[in-house]
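Working through the structure, step by step
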Amino acid sequence: MSRRFSVPGYAGPGVSARLGALARLVQIGSARTGPDGFSDRLLGEASYLLSRAGERLRLSADHTVVALAGGTGSGKSSLFNRLAGADFSTVGVTRPVTRDIHACVWGVSGSGSLLEWLGVPRRHRYARASALDSGEESMTGLVLLDLPDHDSVMAHASSQVDRIVGLADLMVWVLDPQKYADAAVHRRFLVPLAGHSEVLTVVLNQSDLLDAAQIDDCVHDLRRLLDAEELHDVQIVVTSAATGAGVDELRKVLVEAVSARKAATARIAADIDRMAERFAPLAGLTGDGAAADGAADGWLGGAGSEAAGG
Ligand SMILES: Nc1nc2c(ncn2[C@@H]2O[C@H](COP(=O)(O)OP(=O)(O)OP(=O)(O)O)[C@@H](O)[C@H]2O)c(=O)[nH]1
Ligand SMILES: [Mg+2]
């Protein structure tokens, strides 16, 4: 019996598997275009969807990648440890301290290939396996990264930061009261994100070193800088990794990122399902067992509504 993924209650395979199957269908379909085969339009739209969903989603749709970035000594590792609830990443006075990316994963298995791809060494991978027991369900799926400083003397660390900026679901720029206006950070990392406030949060750390009026001045000045950079909607969170002030607020930002990511993934899963349905009537035309060879095994079946040339 054929099985339609749109049947209520049938969730089908995960988004990663769905994307893999759709990629295979496009590959097969590209060799069979024409009046009897797959339409160029269908293949074009499927390719577009694949590129939009991207390699990142194929690797792991269930994880939300949030990266702590910023200059050396701003307190990235200290905040990472606070959020992770353990001293995973070394904090120190010699600079720079963090030489490789560290990662903490909340509660979802299967992050190995993603962490590989992100370039996190095995010895620096930590898990909050007990997330489900500790009231942290809303963090499930979070992959928190502690990055080396962006202007590191170590070239490999600096290029790692550039790479992560392009693929994280949320970048958290950790600034400190002395260097929050650092022109290099603003020009190189913040300005290019103009118009993409949703992928950026700014943290003003070390607030324990300032009094209330100084904090207000700093936040006001930082807001002015961000406004000038067309980053009006970027949230500024004031924290102290030393006292724990503001860390709950930062945790909330991470939870929101996780739920936004889940919503986006659900939307993409629905898009893929609709797209795959359009391949259904053509799946038997390939003559090479395409529908049965595992590309869409157990997922793509039943009659769709779109025929070749549509
Ligand atoms: N007073 C105060 N000190 C802090 C705070 N956060 C971090 N520090 C101290 O600042 C120093 C640097 O902290 P790290 O967490 O190692 O900074 P980092 O951004 O990870 O630095 P790199 O790994 O070199 O890039 C350490 O001595 C921390 O104890 C804070 O909120 N308040
Ligand atoms: Mg560090």
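Below you will find a few notes about this structure. Quick caveat: nothing in here was measured; it's all calculated off a predicted structure.

Here is what the cut-offs are and how they apply
- Residues numbered from 1 in each chain as written.
- Chains lettered and ligands numbered in written order.
- Predicted model: local features only at pLDDT ≥ 70, side-chain atom pairs only at ≥ 80, totals over all residues.
- Heavy atoms only, no water.
- Helix = DSSP H or I, 4+ residues; strand = E, 2+ residues; numbered from the N terminus.
- Contact = heavy atoms within 4.5 Å.
- Donors = N, O, S within 2.8 Å, 3.2 Å for Na, K, Ca; no water.
- Buried < 20%, exposed > 50% of the residue type's maximum accessible area, 1.4 Å probe, protein only.
- Near = heavy atom within 4 Å.
- Polar contact = N/O pair within 3.5 Å; in protein donor to acceptor, adjacent residues only side chain to side chain.
- Areas by Shrake-Rupley, 256 points an atom, 1.4 Å probe, with all protein chains shown as cover.
- Pairing = 2+ DSSP bridges.
- Right-handed = clockwise from strand over helix to strand, strands pointing away.
- Core = buried A, V, L, I, M, F, W, Y, C linked by side-chain atoms within 4.5 Å.
- 1 Å grid on protein atoms, 1.4 Å probe; cavity = no way out; pocket = protein on both sides within 12 Å on 5 of 7 lines; lining within 4 Å.
- Points joined across faces, edges and corners; volume = space filled by probe spheres on them.
- Axes fitted to C-alpha atoms, helices over the stretch in contact; angles between N-to-C directions.

1. A few points about the environment of Thr64
Inspection of the secondary structure assignment puts Thr64 in strand E1 (residues 64-70). Spatially, the C-alpha atom of Thr64 lies 9.7 Å from that of Val255, the residues being 191 residues apart in sequence. When residues no more than four places from it in sequence are discounted, the contact partners of Thr64 are Arg56, Gly141, Leu142, Val143, Asp169, Ala257, Val258 and Arg261.

2. A word on the coordination of the magnesium ion (ligand 2)
Looking at the metal site, the magnesium ion (ligand 2) is ligated by Ser77 (OG) and Thr98 (OG1), spaced 2.0 to 2.1 Å from it. In this pair, Ser77 is assigned in helix H3 (residues 76-84) and Thr98 in the loop between H3 and strand E2 (102-106), connecting sequence segments 21 residues apart. Under the relative-accessibility criterion, Ser77 is labelled buried at 8%.

3. Quick look at the site of ligand 1
Looking at ligand 1, there are 23 residues lining it, with Thr72, Lys76, Ser78, Thr98 and Asp208 nearest. Gly75 has a polar backbone atom sitting 2.9 Å from an oxygen atom of ligand 1. When isolated, ligand 1 has an accessible area of 650 Å², and the protein chains bury 85% of it.

4. Points about the pairing of strand E7 (residues 235-238)
Here strand E6 (residues 200-204) runs beside E7; their pairing, made up of 4 bridges, is parallel. Each residue of the ladder has a partner; that of Leu204, found in E7, is Val238. In this region the chain leaves E6, passes through helix H7 (residues 212-228) and returns to the parallel neighbour E7; the handedness of that crossover is right-handed.

5. Comments concerning the pairing of strand E4 (residues 142-146)
Of all 5 residues making up E4, 5 are buried, and the element is well covered by its neighbours. Along E4, one buried face is formed by Leu142, Leu144 and Asp146 and the opposite face, lined by Val143 and Leu145, is buried too. Bridging between E1 and E4 involves 5 bridges; their strand directions are parallel. Residue pairing for E4: Val65 is matched across the bridge by Val143. Summarising the sheet, E2 and E4 pair through 4 bridges and their orientation is antiparallel.

6. Some remarks on the nonpolar core
Ranked by size, the top nonpolar core spans 35 residues in total, and within it Leu118, Leu145, Leu147, Ile164 and Met171 carry the most contacts. When residues in this core are grouped by element, the largest group, 4 residues, is from H7. Discounting residues that sit within four places of it in the chain, Leu118 has contacts with Val65, Ile101, Leu145, Arg163, Ile164 and Leu167. Core analysis: the second largest hydrophobic core is formed by 23 residues, Ala84, Leu144, Val203 and Val247 among them.

7. As for the layout of surface pockets
There is about 820 Å³ of room inside the largest pocket. Taken together, 30 residues line the largest pocket, and the ones lying closest to its centre are Asp169, Leu170, Glu198, Val199 and Arg261. Among the elements of the structure, helix H2 (40-59), helix H5 (155-167), E6 and helix H8 (247-279) are those that each provide at least two residues to the lining of the largest pocket. Counting residues per element, the lining of the largest pocket draws most heavily on H8, which supplies 9 residues.

8. Focus on the sheet that holds E7
Spatially, the 7 strands line up as an open sheet ordered E3-E2-E4-E1-E5-E6-E7, and their pairing is mixed. Single-partner strands in this sheet number two, and they are strand E3 (125-128) and E7. Direction aside, the axes of adjacent strands within the sheet are offset by 20° on average. Along the sheet, H7 makes contact with strand E5 (170-175), E6 and E7, crossing E7 at roughly 160°.

Any functional reading would require information beyond the geometric quantities listed.
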